[in-house]
Amino acid sequence: MNAIILAAGYGTRMRPLTYQKPKCLLEICGKPLLYWQLELFRLHDIKSVYIVVHYLADQIVDYVKEYVHSSPDMAIECAYESELLGSGGSVARLACRLEEGSDFIVINGDNLTNVDFTRMISFHQKSNAAITCGLFETSNPTACGIVSITDGRIISFEEKPVHPKSNLANSGIYIMNKRLLVYFPRKEKFSLERDLFPNIAEKMNAYNINCYLRDIGNINDYHQAQIEWKQGDLSE
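Residues numbered from 1 in each chain as written. Predicted model: local features only at pLDDT ≥ 70, side-chain atom pairs only at ≥ 80, totals over all residues. Heavy atoms only, no water.

(A) Molecular detail of the overall build of the protein. Check the secondary structure of the protein and you find 6 helices and 13 strands. For the protein, the C-alpha radius of gyration of 17 Å lies close to 18 Å, the compact-globule estimate for 236 residues. When its C-alpha atoms are laid out on the principal axes, the protein stretches across 45 × 40 × 30 Å. A total of 236 residues make up the protein; the buried ones form 53% of that total. (Helix = DSSP H or I, 4+ residues; strand = E, 2+ residues; numbered from the N terminus. Rg over C-alpha atoms; globule rule 2.2 N^0.38 Å. Buried < 20%, exposed > 50% of the residue type's maximum accessible area, 1.4 Å probe, protein only.)

Dropping the structure here:
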């Protein structure tokens, strides 16, 4: 199975740490965040990975070369964007290259997690859904993409709602099937969260993530992740 890591952004909320280094290369317990994502993929036998890059891309390319040298079983390609295409545009550009009918993983490049991808993939494939969205319970729903669920199926999706309908939030971890592309907007640049998911919510499968998950979205999250990851506090 293929995986796509979305790591092209500027990491503005992580400044000044990201002035000289892309967010995915900031270290968690002595290793880049990207290292932990790649190692998780290896653990679950996901060894074909695309990394979407733009900001300080050369640093990511150099790191990937080092990683592949020590892990030659991994096939990793950095997909450079000369201008940001948005999460949807990035996925569309790469998914077009995959085999028809194939499933693939998409993960935000700032997610630190030990999610059981083997279990999530099995759940997705049994559902025959075009997309499975990993969900978690949040204490700050106005800052997240929020879903409503009925009988285990998503019925609505709203990005950062003023009046949230629930506390079930989008994790930024998905398993998609290539047939999802027929629902993509016919434009080069777009957001999954704002331009696609609200329109296809009822076609989305819900998967509850009960493993460790932290979005390294700001400096406070970054420092908290250092503590949690070091202590091994990685369960639900």
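(B) Structural detail: helix H5 (residues 192–200). Every buried residue of H5 is accounted for by Leu 192, Glu 193, Leu 196, Phe 197 and Ile 200. Here the buried residues of H5 occupy an arc of 110° about the axis, which is enough to place them on one side. Counted as exposed and oriented over 90 degrees from the buried face of H5: Arg 194 and Asn 199. As for H5, its buried residues are in contact with helix H3 (86–95), strand S8 (131–137), strand S10 (153–159), strand S11 (168–177) and strand S12 (204–208). (Arc of directions from axis to C-beta. Contact = heavy atoms within 4.5 Å.)

(C) Local environment of the packing of aromatic side chains. All chains considered together, the criterion is met by 11 aromatic pairs. Judged by centre distance (5.0 Å) and plane angle (80°), the rings of Tyr 35 and Trp 36 are edge-to-face. Among the residues examined, Trp 36 registers a relative accessible area of 23% and is labelled partly exposed. Note on Phe 184 and Phe 190: the rings are 5.4 Å apart at their centroids and 75° apart in plane angle, and the pair reads as edge-to-face. Judged by relative accessible area, which is 6%, Phe 184 ranks as buried. Judged by its relative accessible area of 4%, Phe 190 falls in the buried class. Taken together, the aromatic side chains of Tyr 35, Trp 36, Tyr 63, Tyr 67, Tyr 212 and Trp 229 make up a single cluster linked through ring pairs. The residue whose ring lies beneath Lys 31 is Tyr 35, and the NZ or CZ to ring-centre distance is 5.0 Å. (Phe/Tyr/Trp six-rings, centres within 6.5 Å; stacked < 30°, edge-to-face > 60°. Lys NZ or Arg CZ within 6 Å of the ring centre and 35° of its normal.)

(D) Quick look at unusual backbone geometry. Going from Arg 15 to Pro 16, the amide bond is cis rather than trans, its omega being 10°. The residue Pro 16 is located in the loop between strand S1 (2–6) and strand S2 (27–28) in this model. Unlike most non-glycine residues, Asn 128 shows phi in positive territory, near 60°. In this fold, Asn 128 is placed in the loop between helix H4 (117–127) and S8.

(E) Region of interest: the pattern of salt bridges. Under the definition given, this model contains 10 salt bridges. Here Lys 47 makes a salt bridge to Asp 73, at a shortest N to O gap of 3.2 Å. With a gap of 26 residues between them, Lys 47 in the loop between helix H1 (33–43) and strand S4 (48–53) and Asp 73 in the loop between helix H2 (57–70) and strand S5 (75–80) connect regions that are remote in the sequence. Of the charged contacts in the structure, one is a salt bridge between Lys 189 and Glu 83, with a shortest N-O distance of 2.7 Å. Residue Lys 189 is located in the loop between S11 and H5, and its partner Glu 83 is located in the loop between S5 and H3; the two are separated by 106 residues in the primary sequence. Through salt bridges with shared partners, one network takes in Glu 39, Arg 42, Asp 45, Lys 47 and Asp 73. (Salt bridge = Lys/Arg side-chain N within 4 Å of Asp/Glu carboxyl O.)

(F) Structural detail: the environment of Asp 45. With respect to the element layout, Asp 45 can be found in the loop between H1 and S4. Judged by relative accessible area, which is 54%, Asp 45 ranks as exposed. Separated by 71 residues in sequence, Asp 45 and Asp 116 place their C-alpha atoms 12 Å apart.

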